Amino acid sequence: MANHSRPFVLGAVTRIELERLQRALSVPSGLSRLARVVLLLEEPRPGVEVVRLTGDNTLQISRLRRRFAAEGLAGLDDKPQSGRPR
């Protein structure tokens, strides 16, 4: 049996903003990709299917899921990383 993660329940405003970010040409491609992943996570589908559709690995998807659940849209912002200049 497939391992289905609990889907997000997005509010209408959040869903509209994610769809805008996914389509916008003026946002960084990484932000657009993250918005697409969150929209895919909203649907009841196995995590491995999201991995297959996005090309990310399960760890990346899991981290994004937790970060978005905790921080919402602010969780999509690029976080500073050690050893990487800003």
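Residues numbered from 1 in each chain as written. Predicted model: local features only at pLDDT ≥ 70, side-chain atom pairs only at ≥ 80, totals over all residues. Heavy atoms only, no water.

Chemist: Please clarify how the overall build of the protein should be interpreted in this entry.
Modeler: For the protein, the helix and strand inventory stands at four helices and zero strands. Element order for the protein, N to C, with α for helix and β for strand: α-α-α-α. Expressed as a percentage of its 86 residues, the buried residues of the protein come to 34%. At a minimum sequence separation of 6, the contacts of the protein that also span at least 24 residues come to 52%. Here the protein displays about 5900 Å² of accessible surface, and carbon together with sulfur accounts for 55% of that area. (Helix = DSSP H or I, 4+ residues; strand = E, 2+ residues; numbered from the N terminus. Buried < 20%, exposed > 50% of the residue type's maximum accessible area, 1.4 Å probe, protein only. Contact = heavy atoms within 4.5 Å. Areas by Shrake-Rupley, 256 points an atom, 1.4 Å probe, with all protein chains shown as cover.)

Chemist: What is the right way to look at the packing of helix α2 (residues 29-42) against helix α3 (residues 47-54) in this model?
Modeler: In helix packing, the relevant descriptors are the interaxial angle and the interaxial distance, both defined with respect to the helix axes. At a minimum axis separation of 10 Å, α2 and α3 run at an interaxial angle of 150 degrees. Relative to α3, α2 is oriented roughly antiparallel. Considering how the two elements wind past one another, α2 and α3 form a crossing that is right-handed. Contact residues: Arg 36, Val 37, Leu 40 and Leu 41 in α2; Val 50, Leu 53 and Thr 54 in α3. The residue makeup of the contact of α2 with α3, split by class, is five nonpolar, one polar and one charged. (Axes fitted to C-alpha atoms, helices over the stretch in contact; angles between N-to-C directions. Parallel < 35°, antiparallel > 145°, perpendicular 65-115°, else oblique. Left-handed = near helix turned anticlockwise from the far one by under 90°. Nonpolar A, V, L, I, M, F, W, Y, C, P; charged D, E, K, R; others polar.)

Chemist: Would you take a moment to explain the pattern of salt bridges for this structure?
Modeler: Opposite charge on two side chains permits pairing when their charged atoms draw close. For the coordinates displayed, the defined rule picks out five salt bridges. In this structure, Arg 15 engages Glu 42 in a salt bridge whose closest nitrogen and oxygen atoms are separated by 2.3 Å. Residue Arg 15 is located in helix α1 (residues 12-23), and its partner Glu 42 is located in helix α2; the two are separated by 27 residues in the primary sequence. Arg 15 gets classed as partly exposed once you look at its relative accessible area, which sits at 29%. Of the residues examined, Glu 42 reaches a relative accessible area of 17% and is grouped as buried. Two residues, Arg 33 and Asp 56, come together in a salt bridge whose shortest N-O distance is 2.8 Å. Note that Arg 33 is positioned in helix α2 and Asp 56 in the loop between α3 and α4 (58-71), a separation of 23 residues in sequence. When salt bridges with common partners are traced through the structure, they connect Glu 43, Arg 45 and Glu 49 into a single cluster. (Salt bridge = Lys/Arg side-chain N within 4 Å of Asp/Glu carboxyl O.)

Chemist: I keep staring at the side chain of Thr 54 and nothing clicks. Help me out?
Modeler: Mapped onto the fold, Thr 54 is located in helix α3. For Thr 54, a relative accessible area of 17% puts it in the buried group. Contacts of Thr 54, omitting those with residues within four sequence positions, involve Arg 36, Val 37, Leu 40 and Ile 61.

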